Amino acid sequence: MRSTDWFTDARFGMFIHWGLYSNPAGVWQGRKIKHPYAEWLQASEHIPRPQYKELAREFNPEGFNADEWICEAKNAGMKYFVITSKHHDGFALWPTKVSGYNVGEATPFKQDILGALAEACRRHDIKLGLYYSHWQDWEGTGGDICSVHMENEEYVHPTEEAFQRYWQKKCLPQVRELIENYDPHLLWFDTWSKHSLKFITRERQEELISLVRQLSNKCLVNSRIQFLDPSENVDFISTMDNSFPEEGFSKPWETSGTLNHSWAYHSMDYGWRPTRELIQNLVKNASLGGNYQLNVGPMGNGRFQESAIRRLREIGNWMRVHGESVYGTTASPLGKPPWGRITSRCLGNHQTRLYLHLWDFTPGTALFLEGVSGSVADAIVLETGQPIKVENGLGGIWLQI
Ligand code: JFZ
(Lines give C-alpha, C1' and ligand atoms only; values in the text may rest on other atoms or scores of the structure.)
Protein backbone atom coordinates (compact mmCIF):
# COMPACT_ATOMS: atom_id res chain seq x y z
CA MET A 1 0.00 0.00 0.00
CA ARG A 2 1.01 3.56 -0.68
CA SER A 3 1.48 4.87 2.80
CA THR A 4 1.43 8.53 3.73
CA ASP A 5 2.39 7.76 7.35
CA TRP A 6 6.01 8.78 6.92
CA PHE A 7 4.84 12.07 5.43
CA THR A 8 2.45 13.05 8.22
CA ASP A 9 4.91 11.91 10.91
CA ALA A 10 7.67 13.97 9.30
CA ARG A 11 5.91 17.35 9.55
CA PHE A 12 8.93 19.27 8.27
CA GLY A 13 10.74 19.18 4.91
CA MET A 14 13.13 21.22 2.82
CA PHE A 15 12.23 22.68 -0.57
CA ILE A 16 14.98 23.71 -2.99
CA HIS A 17 14.69 25.96 -6.04
CA TRP A 18 17.91 25.76 -8.03
CA GLY A 19 18.75 26.05 -11.70
CA LEU A 20 20.13 28.25 -14.47
CA TYR A 21 18.36 31.29 -12.97
CA SER A 22 20.42 30.97 -9.77
CA ASN A 23 23.42 32.69 -11.38
CA PRO A 24 21.67 35.90 -12.56
CA ALA A 25 19.90 35.75 -9.17
CA GLY A 26 17.10 38.23 -9.86
CA VAL A 27 19.26 40.76 -11.74
CA TRP A 28 19.33 41.12 -15.53
CA GLN A 29 21.34 43.70 -17.48
CA GLY A 30 22.16 45.46 -14.24
CA ARG A 31 18.58 45.81 -13.08
CA LYS A 32 16.35 43.98 -10.66
CA ILE A 33 13.94 41.84 -12.68
CA LYS A 34 10.23 42.68 -12.75
CA HIS A 35 8.97 39.39 -11.38
CA PRO A 36 9.63 38.92 -7.64
CA TYR A 37 10.70 35.30 -8.14
CA ALA A 38 14.22 34.87 -9.51
CA GLU A 39 13.27 31.56 -11.18
CA TRP A 40 10.88 33.49 -13.44
CA LEU A 41 13.77 35.36 -15.08
CA GLN A 42 13.23 34.09 -18.64
CA ALA A 43 9.57 35.13 -18.76
CA SER A 44 9.95 38.24 -16.64
CA GLU A 45 12.59 39.79 -18.89
CA HIS A 46 11.26 38.33 -22.14
CA ILE A 47 14.61 36.76 -22.84
CA PRO A 48 14.74 35.04 -26.25
CA ARG A 49 15.09 31.31 -25.80
CA PRO A 50 18.56 30.89 -27.37
CA GLN A 51 19.92 33.66 -25.17
CA TYR A 52 18.42 32.20 -22.01
CA LYS A 53 19.80 28.77 -22.85
CA GLU A 54 23.31 30.21 -22.91
CA LEU A 55 23.06 30.49 -19.14
CA ALA A 56 23.77 26.77 -19.12
CA ARG A 57 27.37 27.49 -20.13
CA GLU A 58 27.78 29.52 -16.93
CA PHE A 59 26.32 26.83 -14.71
CA ASN A 60 29.35 25.44 -12.88
CA PRO A 61 28.60 25.31 -9.16
CA GLU A 62 32.05 24.40 -7.82
CA GLY A 63 30.77 24.77 -4.22
CA PHE A 64 28.01 22.17 -4.61
CA ASN A 65 28.18 19.36 -2.08
CA ALA A 66 25.14 17.11 -1.80
CA ASP A 67 26.01 15.90 1.71
CA GLU A 68 26.26 19.48 2.98
CA TRP A 69 22.76 20.32 1.76
CA ILE A 70 21.22 17.16 3.14
CA CYS A 71 23.02 17.55 6.49
CA GLU A 72 21.82 21.15 6.72
CA ALA A 73 18.25 19.87 6.20
CA LYS A 74 18.73 17.07 8.69
CA ASN A 75 20.24 19.36 11.34
CA ALA A 76 17.30 21.72 10.93
CA GLY A 77 15.04 18.82 11.90
CA MET A 78 13.70 18.22 8.41
CA LYS A 79 12.78 14.68 7.36
CA TYR A 80 12.44 15.10 3.61
CA PHE A 81 13.99 17.08 0.78
CA VAL A 82 12.24 18.24 -2.40
CA ILE A 83 14.19 19.81 -5.29
CA THR A 84 13.25 21.36 -8.63
CA SER A 85 14.26 18.56 -11.01
CA LYS A 86 12.92 20.82 -13.79
CA HIS A 87 11.36 24.22 -13.23
CA HIS A 88 9.29 26.27 -15.73
CA ASP A 89 12.35 27.09 -17.85
CA GLY A 90 12.49 23.41 -18.89
CA PHE A 91 16.12 22.81 -17.88
CA ALA A 92 16.77 19.44 -16.19
CA LEU A 93 19.08 18.96 -13.20
CA TRP A 94 19.77 15.38 -14.26
CA PRO A 95 21.27 13.90 -17.46
CA THR A 96 17.91 13.15 -19.06
CA LYS A 97 17.93 11.23 -22.34
CA VAL A 98 14.76 13.01 -23.41
CA SER A 99 16.32 16.41 -24.12
CA GLY A 100 19.83 17.79 -24.38
CA TYR A 101 18.76 20.73 -22.25
CA ASN A 102 20.19 19.29 -19.06
CA VAL A 103 23.06 19.59 -16.61
CA GLY A 104 24.96 16.65 -18.10
CA GLU A 105 25.01 17.84 -21.71
CA ALA A 106 24.60 21.61 -21.68
CA THR A 107 26.79 22.73 -18.76
CA PRO A 108 30.52 22.57 -17.96
CA PHE A 109 29.56 21.04 -14.58
CA LYS A 110 28.23 17.81 -16.16
CA GLN A 111 27.51 16.04 -12.85
CA ASP A 112 24.19 14.34 -12.16
CA ILE A 113 22.89 16.62 -9.44
CA LEU A 114 19.80 14.56 -8.67
CA GLY A 115 21.90 11.41 -8.50
CA ALA A 116 24.27 12.95 -5.97
CA LEU A 117 21.38 14.24 -3.86
CA ALA A 118 19.45 10.95 -4.03
CA GLU A 119 22.52 9.12 -2.69
CA ALA A 120 23.09 11.69 0.05
CA CYS A 121 19.44 11.36 1.07
CA ARG A 122 19.86 7.59 1.39
CA ARG A 123 23.06 8.01 3.41
CA HIS A 124 21.42 10.39 5.87
CA ASP A 125 17.97 8.77 5.98
CA ILE A 126 16.14 11.71 4.42
CA LYS A 127 13.24 11.07 2.03
CA LEU A 128 13.68 12.44 -1.51
CA GLY A 129 11.01 14.40 -3.36
CA LEU A 130 11.17 15.90 -6.85
CA TYR A 131 9.41 19.04 -8.06
CA TYR A 132 8.56 18.73 -11.76
CA SER A 133 6.96 21.55 -13.77
CA HIS A 134 4.56 19.51 -15.91
CA TRP A 135 2.46 22.42 -17.10
CA GLN A 136 4.84 25.20 -18.10
CA ASP A 137 8.04 24.35 -19.97
CA TRP A 138 9.84 27.11 -21.84
CA GLU A 139 12.43 25.02 -23.64
CA GLY A 140 10.50 25.37 -26.89
CA THR A 141 9.21 21.81 -27.26
CA GLY A 142 5.49 22.63 -27.12
CA GLY A 143 4.90 23.40 -23.45
CA ASP A 144 5.71 27.07 -23.81
CA ILE A 145 2.95 28.39 -21.66
CA CYS A 146 3.43 31.45 -19.61
CA SER A 147 0.80 32.45 -17.13
CA VAL A 148 2.17 35.93 -16.49
CA HIS A 149 3.59 38.61 -18.78
CA MET A 150 1.44 37.25 -21.57
CA GLU A 151 2.20 40.29 -23.73
CA ASN A 152 5.32 38.51 -24.89
CA GLU A 153 4.35 36.85 -28.18
CA GLU A 154 6.99 34.19 -27.83
CA TYR A 155 5.29 32.76 -24.77
CA VAL A 156 1.69 32.76 -25.90
CA HIS A 157 -0.21 29.53 -25.29
CA PRO A 158 0.79 26.68 -27.62
CA THR A 159 -1.75 24.83 -29.71
CA GLU A 160 -3.28 21.67 -28.34
CA GLU A 161 -1.21 19.64 -30.85
CA ALA A 162 2.02 21.26 -29.74
CA PHE A 163 1.23 20.69 -26.10
CA GLN A 164 0.29 17.07 -26.73
CA ARG A 165 3.66 16.57 -28.43
CA TYR A 166 5.43 18.05 -25.41
CA TRP A 167 3.31 15.91 -23.08
CA GLN A 168 4.08 12.65 -24.90
CA LYS A 169 7.65 13.35 -25.92
CA LYS A 170 9.02 15.25 -22.94
CA CYS A 171 6.81 15.39 -19.88
CA LEU A 172 5.73 11.75 -19.50
CA PRO A 173 9.12 10.28 -20.52
CA GLN A 174 10.93 12.55 -18.06
CA VAL A 175 8.62 11.65 -15.20
CA ARG A 176 9.27 7.99 -16.04
CA GLU A 177 13.02 8.62 -15.96
CA LEU A 178 12.81 10.42 -12.64
CA ILE A 179 11.07 7.48 -11.01
CA GLU A 180 13.24 4.83 -12.66
CA ASN A 181 16.51 6.62 -11.92
CA TYR A 182 15.92 8.15 -8.50
CA ASP A 183 12.99 6.26 -6.94
CA PRO A 184 11.56 9.36 -5.19
CA HIS A 185 9.20 9.25 -2.21
CA LEU A 186 7.11 12.04 -3.67
CA LEU A 187 6.58 14.06 -6.84
CA TRP A 188 5.60 17.69 -6.46
CA PHE A 189 3.66 19.00 -9.47
CA ASP A 190 2.73 22.64 -9.87
CA THR A 191 -0.36 24.35 -11.26
CA TRP A 192 -2.03 27.33 -9.65
CA SER A 193 -4.04 29.29 -12.20
CA LYS A 194 -7.05 28.88 -14.45
CA HIS A 195 -4.72 29.15 -17.46
CA SER A 196 -3.55 25.64 -16.67
CA LEU A 197 -7.01 24.06 -17.05
CA LYS A 198 -6.91 24.08 -20.83
CA PHE A 199 -3.76 21.95 -20.85
CA ILE A 200 -3.73 20.02 -17.61
CA THR A 201 -7.13 18.47 -18.06
CA ARG A 202 -8.71 15.83 -15.90
CA GLU A 203 -7.55 13.18 -18.43
CA ARG A 204 -3.94 14.31 -18.49
CA GLN A 205 -3.93 14.50 -14.73
CA GLU A 206 -5.16 10.89 -14.43
CA GLU A 207 -2.71 9.76 -17.11
CA LEU A 208 0.18 11.22 -15.14
CA ILE A 209 -0.99 9.74 -11.87
CA SER A 210 -1.38 6.26 -13.41
CA LEU A 211 2.12 6.49 -14.80
CA VAL A 212 3.46 7.22 -11.32
CA ARG A 213 1.36 4.38 -9.84
CA GLN A 214 2.52 1.94 -12.48
CA LEU A 215 6.21 2.67 -11.83
CA SER A 216 6.30 3.06 -8.07
CA ASN A 217 4.38 1.66 -5.15
CA LYS A 218 5.52 4.33 -2.74
CA CYS A 219 5.77 7.63 -4.63
CA LEU A 220 3.24 10.20 -3.37
CA VAL A 221 1.67 12.84 -5.63
CA ASN A 222 0.54 16.31 -4.53
CA SER A 223 -2.71 18.07 -5.35
CA ARG A 224 -1.15 20.88 -7.35
CA ILE A 225 -1.02 18.39 -10.24
CA GLN A 226 -4.25 20.10 -11.23
CA PHE A 227 -5.86 23.43 -10.48
CA LEU A 228 -9.38 23.42 -8.93
CA ASP A 229 -10.15 19.77 -9.55
CA PRO A 230 -7.41 17.52 -8.21
CA SER A 231 -8.17 13.83 -8.52
CA GLU A 232 -9.33 11.69 -5.60
CA ASN A 233 -6.14 9.80 -6.36
CA VAL A 234 -3.71 12.45 -5.18
CA ASP A 235 -1.98 11.56 -1.93
CA PHE A 236 -1.59 14.91 -0.24
CA ILE A 237 -2.75 18.48 -0.57
CA SER A 238 -0.40 21.37 -1.22
CA THR A 239 -1.95 24.68 -0.17
CA MET A 240 -1.13 27.90 -1.96
CA ASP A 241 2.37 29.20 -1.29
CA ASN A 242 3.05 30.74 2.09
CA SER A 243 -0.60 30.29 2.99
CA PHE A 244 -1.25 28.87 6.43
CA PRO A 245 -4.86 27.73 6.58
CA GLU A 246 -7.25 28.25 9.46
CA GLU A 247 -8.46 24.66 9.31
CA GLY A 248 -6.98 21.29 8.41
CA PHE A 249 -7.95 18.95 5.55
CA SER A 250 -9.21 15.39 5.40
CA LYS A 251 -6.10 14.27 3.48
CA PRO A 252 -2.48 14.74 4.54
CA TRP A 253 -1.39 18.28 3.62
CA GLU A 254 1.43 20.77 3.60
CA THR A 255 2.26 24.41 3.03
CA SER A 256 5.36 25.40 1.09
CA GLY A 257 6.90 28.62 2.25
CA THR A 258 9.88 30.85 1.61
CA LEU A 259 12.63 32.19 3.88
CA ASN A 260 12.44 35.57 2.18
CA HIS A 261 10.29 36.24 -0.87
CA SER A 262 11.79 34.60 -3.94
CA TRP A 263 11.99 30.80 -4.19
CA ALA A 264 15.22 30.76 -6.16
CA TYR A 265 18.23 32.72 -4.88
CA HIS A 266 17.67 36.44 -5.43
CA SER A 267 20.60 38.71 -4.62
CA MET A 268 18.32 41.73 -4.00
CA ASP A 269 15.65 40.04 -1.90
CA TYR A 270 16.29 41.32 1.61
CA GLY A 271 12.95 40.45 3.20
CA TRP A 272 14.09 37.60 5.43
CA ARG A 273 11.52 36.20 7.83
CA PRO A 274 12.62 35.94 11.45
CA THR A 275 13.24 32.43 12.82
CA ARG A 276 10.39 32.88 15.29
CA GLU A 277 7.93 33.27 12.41
CA LEU A 278 9.29 30.17 10.67
CA ILE A 279 8.95 28.04 13.80
CA GLN A 280 5.45 29.38 14.36
CA ASN A 281 4.53 28.43 10.78
CA LEU A 282 5.68 24.87 11.46
CA VAL A 283 3.72 24.69 14.72
CA LYS A 284 0.62 26.33 13.23
CA ASN A 285 0.41 23.66 10.55
CA ALA A 286 1.24 20.81 12.95
CA SER A 287 -1.55 22.00 15.25
CA LEU A 288 -3.96 21.51 12.32
CA GLY A 289 -2.43 18.20 11.21
CA GLY A 290 -0.30 19.63 8.39
CA ASN A 291 3.33 19.82 7.22
CA TYR A 292 5.68 22.69 6.44
CA GLN A 293 8.04 22.55 3.47
CA LEU A 294 10.51 25.38 3.93
CA ASN A 295 12.33 26.62 0.86
CA VAL A 296 16.00 27.47 0.35
CA GLY A 297 17.34 29.02 -2.86
CA PRO A 298 21.01 27.98 -3.11
CA MET A 299 23.37 30.37 -4.89
CA GLY A 300 24.76 29.74 -8.37
CA ASN A 301 28.01 28.54 -6.79
CA GLY A 302 26.12 25.73 -5.04
CA ARG A 303 26.21 27.17 -1.52
CA PHE A 304 23.46 28.33 0.82
CA GLN A 305 23.46 31.99 1.85
CA GLU A 306 24.52 32.75 5.43
CA SER A 307 21.07 34.18 6.21
CA ALA A 308 19.52 30.86 5.18
CA ILE A 309 22.05 28.80 7.16
CA ARG A 310 21.58 30.83 10.33
CA ARG A 311 17.80 30.40 10.23
CA LEU A 312 18.01 26.67 9.50
CA ARG A 313 20.38 26.18 12.43
CA GLU A 314 18.25 28.25 14.79
CA ILE A 315 15.22 26.15 13.86
CA GLY A 316 17.36 23.02 14.37
CA ASN A 317 18.36 24.14 17.86
CA TRP A 318 14.72 24.63 18.75
CA MET A 319 13.76 21.28 17.21
CA ARG A 320 16.41 19.35 19.14
CA VAL A 321 14.64 20.33 22.34
CA HIS A 322 11.05 20.57 21.14
CA GLY A 323 10.89 18.07 18.27
CA GLU A 324 8.74 15.77 20.39
CA SER A 325 5.99 18.40 20.23
CA VAL A 326 6.05 18.32 16.41
CA TYR A 327 7.01 14.91 14.94
CA GLY A 328 4.24 12.35 14.79
CA THR A 329 1.79 14.61 16.59
CA THR A 330 -1.83 15.13 15.63
CA ALA A 331 -4.03 18.21 15.44
CA SER A 332 -5.12 20.09 18.51
CA PRO A 333 -8.26 18.55 20.06
CA LEU A 334 -8.96 21.92 21.73
CA GLY A 335 -8.97 24.30 18.78
CA LYS A 336 -6.87 27.45 18.61
CA PRO A 337 -6.30 29.16 21.96
CA PRO A 338 -5.60 32.91 22.12
CA TRP A 339 -2.07 32.43 23.51
CA GLY A 340 -0.63 30.07 20.88
CA ARG A 341 -1.18 26.61 19.44
CA ILE A 342 -1.60 23.02 20.67
CA THR A 343 -0.36 19.72 19.28
CA SER A 344 -1.35 16.34 20.61
CA ARG A 345 -0.11 12.79 21.00
CA CYS A 346 -2.14 9.73 21.88
CA LEU A 347 -0.26 7.64 24.46
CA GLY A 348 -2.73 4.74 24.54
CA ASN A 349 -4.51 3.68 27.74
CA HIS A 350 -6.90 6.63 27.30
CA GLN A 351 -4.02 9.02 27.90
CA THR A 352 -3.22 12.03 25.76
CA ARG A 353 -0.23 14.31 25.93
CA LEU A 354 -0.88 17.89 24.92
CA TYR A 355 1.91 20.22 23.88
CA LEU A 356 1.06 23.85 24.58
CA HIS A 357 3.06 26.26 22.45
CA LEU A 358 2.90 29.56 24.32
CA TRP A 359 3.53 32.49 21.98
CA ASP A 360 1.81 35.27 23.75
CA PHE A 361 1.86 34.74 27.46
CA THR A 362 3.26 36.50 30.55
CA PRO A 363 5.22 34.19 32.85
CA GLY A 364 4.06 34.45 36.45
CA THR A 365 0.40 34.47 35.53
CA ALA A 366 -1.98 31.56 35.29
CA LEU A 367 -3.17 30.05 32.04
CA PHE A 368 -6.63 28.58 31.67
CA LEU A 369 -6.92 25.58 29.37
CA GLU A 370 -10.52 25.23 28.38
CA GLY A 371 -12.06 21.89 27.47
CA VAL A 372 -9.77 19.55 29.40
CA SER A 373 -11.68 16.89 31.28
CA GLY A 374 -10.52 13.93 33.34
CA SER A 375 -7.51 14.04 35.62
CA VAL A 376 -4.23 15.59 34.64
CA ALA A 377 -1.29 13.33 35.43
CA ASP A 378 1.30 16.08 35.31
CA ALA A 379 2.48 19.15 33.47
CA ILE A 380 6.06 20.21 32.78
CA VAL A 381 8.08 22.70 30.79
CA LEU A 382 9.36 20.58 27.91
CA GLU A 383 12.82 22.13 27.71
CA THR A 384 13.74 21.99 31.42
CA GLY A 385 11.40 19.45 32.98
CA GLN A 386 10.26 22.10 35.50
CA PRO A 387 6.98 20.94 37.07
CA ILE A 388 3.92 23.11 36.62
CA LYS A 389 1.14 23.31 39.17
CA VAL A 390 -2.27 22.24 37.83
CA GLU A 391 -5.64 23.11 39.41
CA ASN A 392 -9.09 22.12 38.29
CA GLY A 393 -11.34 24.95 37.18
CA LEU A 394 -14.78 25.28 35.73
CA GLY A 395 -14.76 23.53 32.32
CA GLY A 396 -11.01 23.29 32.23
CA ILE A 397 -7.75 23.50 34.18
CA TRP A 398 -5.48 26.27 35.48
CA LEU A 399 -1.75 26.07 34.90
CA GLN A 400 0.49 28.19 37.18
CA ILE A 401 3.47 29.05 35.03
C1 JFZ B 1 4.80 28.56 -8.35
C2 JFZ B 1 5.98 28.76 -9.27
O3 JFZ B 1 5.63 29.56 -10.34
C4 JFZ B 1 7.10 29.38 -8.47
O5 JFZ B 1 8.20 29.64 -9.29
C6 JFZ B 1 7.49 28.42 -7.36
O7 JFZ B 1 7.99 27.23 -7.91
C8 JFZ B 1 6.27 28.13 -6.48
C9 JFZ B 1 6.52 27.07 -5.46
O10 JFZ B 1 5.15 27.72 -7.27
O11 JFZ B 1 4.39 29.82 -7.94
C12 JFZ B 1 3.25 30.10 -7.29
C13 JFZ B 1 2.21 29.22 -7.20
C14 JFZ B 1 1.07 29.59 -6.50
C15 JFZ B 1 0.98 30.82 -5.92
C16 JFZ B 1 2.02 31.71 -6.01
C17 JFZ B 1 3.15 31.33 -6.70
N18 JFZ B 1 -0.15 31.19 -5.23
O19 JFZ B 1 -1.18 30.61 -5.42
O20 JFZ B 1 -0.11 32.10 -4.39
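That block above? That's the structure.
What counts, and at which threshold
Residues numbered from 1 in each chain as written. Predicted model: local features only at pLDDT ≥ 70, side-chain atom pairs only at ≥ 80, totals over all residues. Heavy atoms only, no water. Helix = DSSP H or I, 4+ residues; strand = E, 2+ residues; numbered from the N terminus. Polar contact = N/O pair within 3.5 Å; in protein donor to acceptor, adjacent residues only side chain to side chain. Contact = heavy atoms within 4.5 Å. Salt bridge = Lys/Arg side-chain N within 4 Å of Asp/Glu carboxyl O. Buried < 20%, exposed > 50% of the residue type's maximum accessible area, 1.4 Å probe, protein only. Near = heavy atom within 4 Å. Areas by Shrake-Rupley, 256 points an atom, 1.4 Å probe, with all protein chains shown as cover. Nonpolar A, V, L, I, M, F, W, Y, C, P; charged D, E, K, R; others polar. Axes fitted to C-alpha atoms, helices over the stretch in contact; angles between N-to-C directions. Parallel < 35°, antiparallel > 145°, perpendicular 65-115°, else oblique. Left-handed = near helix turned anticlockwise from the far one by under 90°. Pairing = 2+ DSSP bridges. Phe/Tyr/Trp six-rings, centres within 6.5 Å; stacked < 30°, edge-to-face > 60°.

Student: Pulling in residues and values, what's your account of the side chain of Thr239?
Tutor: Mapped onto the fold, Thr239 is located in the loop between β8 (237-238) and β9 (253-257). A distance of 3.2 Å separates a polar atom in the side chain of Thr239 from the backbone oxygen of Ser243. Those residues in contact with Thr239, other than ones at most four positions away along the chain, are Arg224, Pro245, Phe249, Trp253, Glu254 and Thr255.

Student: How would you sum up the pattern of salt bridges? Please name residues and give values.
Tutor: The tally for this structure, following the rule as stated, stands at 21 salt bridges. One salt bridge connects Glu160 with Arg204, and the closest N-O pair in it is separated by 2.6 Å. Of the two residues, Glu160 sits in helix α7 (residues 160-182) while Arg204 sits in helix α8 (residues 202-215), which places them 44 residues apart along the sequence. The class for Glu160 is partly exposed, based on a relative accessible area of 38%. Assessed through its relative accessible area of 6%, Arg204 is described here as buried. The salt bridge involving Glu391 is made with Lys389; its shortest N-O contact spans 3.6 Å. Taking the relative accessible area as the measure of exposure, Glu391 reaches 36% and is therefore partly exposed.

Student: Lay out the site of the ligand in plain terms, naming residues and giving numbers.
Tutor: Near the ligand, the surroundings consist of 13 residues, among which His17, Glu39, His87, His88 and Met240 are the closest. Residue Trp40 places a side-chain N or O atom 3.0 Å away from an oxygen atom belonging to the ligand. Arg224 places a polar side-chain atom, nitrogen or oxygen, 3.0 Å from an oxygen atom of the ligand. Against a free-state accessible area of 450 Å², the protein chains account for coverage of 86% of the ligand. Taken together, the residues of the shell around the ligand break down into six nonpolar, three polar and four charged.

Student: For the packing of helix α4 (residues 66-75) against helix α6 (residues 113-123), give the residues involved together with the corresponding values.
Tutor: Where α4 contacts α6, the axes come no closer than 9 Å and their chain directions differ by 45 degrees. If you check the angle between α4 and α6, you find them oblique. Every pair of crossing elements has a handedness; the one defined by α4 and α6 is right-handed. Here Ala66, Asp67, Trp69 and Ile70 of α4 lie close against α6, whose contacting residues are Ala116, Leu117, Ala120, Cys121 and Arg123.

Student: Explain the environment of Glu161 to me, and be specific about the residues and the numbers.
Tutor: Topologically, Glu161 is positioned in helix α7. By relative accessible area, Glu161 is classed as exposed at 55%. Distance from Glu161 to Gly142, taken between C-alpha atoms, is 8.2 Å for residues 19 residues apart in sequence.

Student: An account of the pairing of strand β10 (residues 291-296) is requested, with residue identities and associated values reported.
Tutor: Burial analysis of β10 places six of its six residues in the buried class, which makes it a mostly covered element. Of the two faces of β10, both are covered, the one formed by Asn291, Gln293 and Asn295 as well as the one formed by Tyr292, Leu294 and Val296. In this sheet, β10 lies alongside strand β1 (residues 12-16) in parallel orientation, the contact comprising five bridges. Paired with Phe15 across the strands is Asn295, a residue of β10. With four bridges connecting them, β9 and β10 associate as parallel partners. Looking across to β10, one finds that Ser256 is bridged to Gln293.

Student: Residue-level account of the environment of Asn181, with values.
Tutor: Here Asn181 lies in helix α7. Distance in space between the C-alpha atoms of Asn181 and Trp94 is 9.6 Å, their sequence separation being 87 residues.

Student: Describe in detail the packing of aromatic side chains, supporting the description with residues and values.
Tutor: Each pair of aromatic rings is reported with the distance of its centres and the angle of its planes. Summed over all chains, the structure comprises 27 aromatic pairs. Where Trp18 meets Trp69, the ring centres are 4.8 Å apart and the plane angle is 75 degrees; that geometry is what we call edge-to-face. Residue Trp18 is found in the loop between β1 and β2 (27-28), and its partner Trp69 is found in helix α4; the two are separated by 51 residues along the sequence. Of the two residues examined, Trp18 and Trp69, each falls in the buried class.

Student: Run through the sheet that holds β9, naming residues and quoting values.
Tutor: Spatially, β7-β6-β5-β4-β1-β10-β9-β8 is the arrangement adopted by the eight strands of the open sheet, whose pairing is parallel. Both edges of this open sheet fall to β7 (220-221) and β8, since each of them pairs with a single strand only. In the sheet, β8 pairs with β9 via two bridges, with the strands oriented parallel. When the sheet's bridge partners are listed, Ile237 is paired in β9 with Trp253.

Student: I'd love a proper account of the sheet that holds strand β13 (residues 366-370), names of residues and values included.
Tutor: The strand order β13-β15-β14 describes an open sheet built from three strands, whose pairing is antiparallel. What marks the edges here is a single partner per strand, and that holds for β13 and β14 (389-393). Across the sheet, the mean angle from the axis of one strand to that of its neighbour is 25 degrees, orientation sign disregarded. Where β13 lies against strand β15 (residues 396-400), five bridges are found, and the strand directions are antiparallel. Within β15, the position partnered with Phe368 by the bridge is Trp398.

Geometry only, nothing functional implied.
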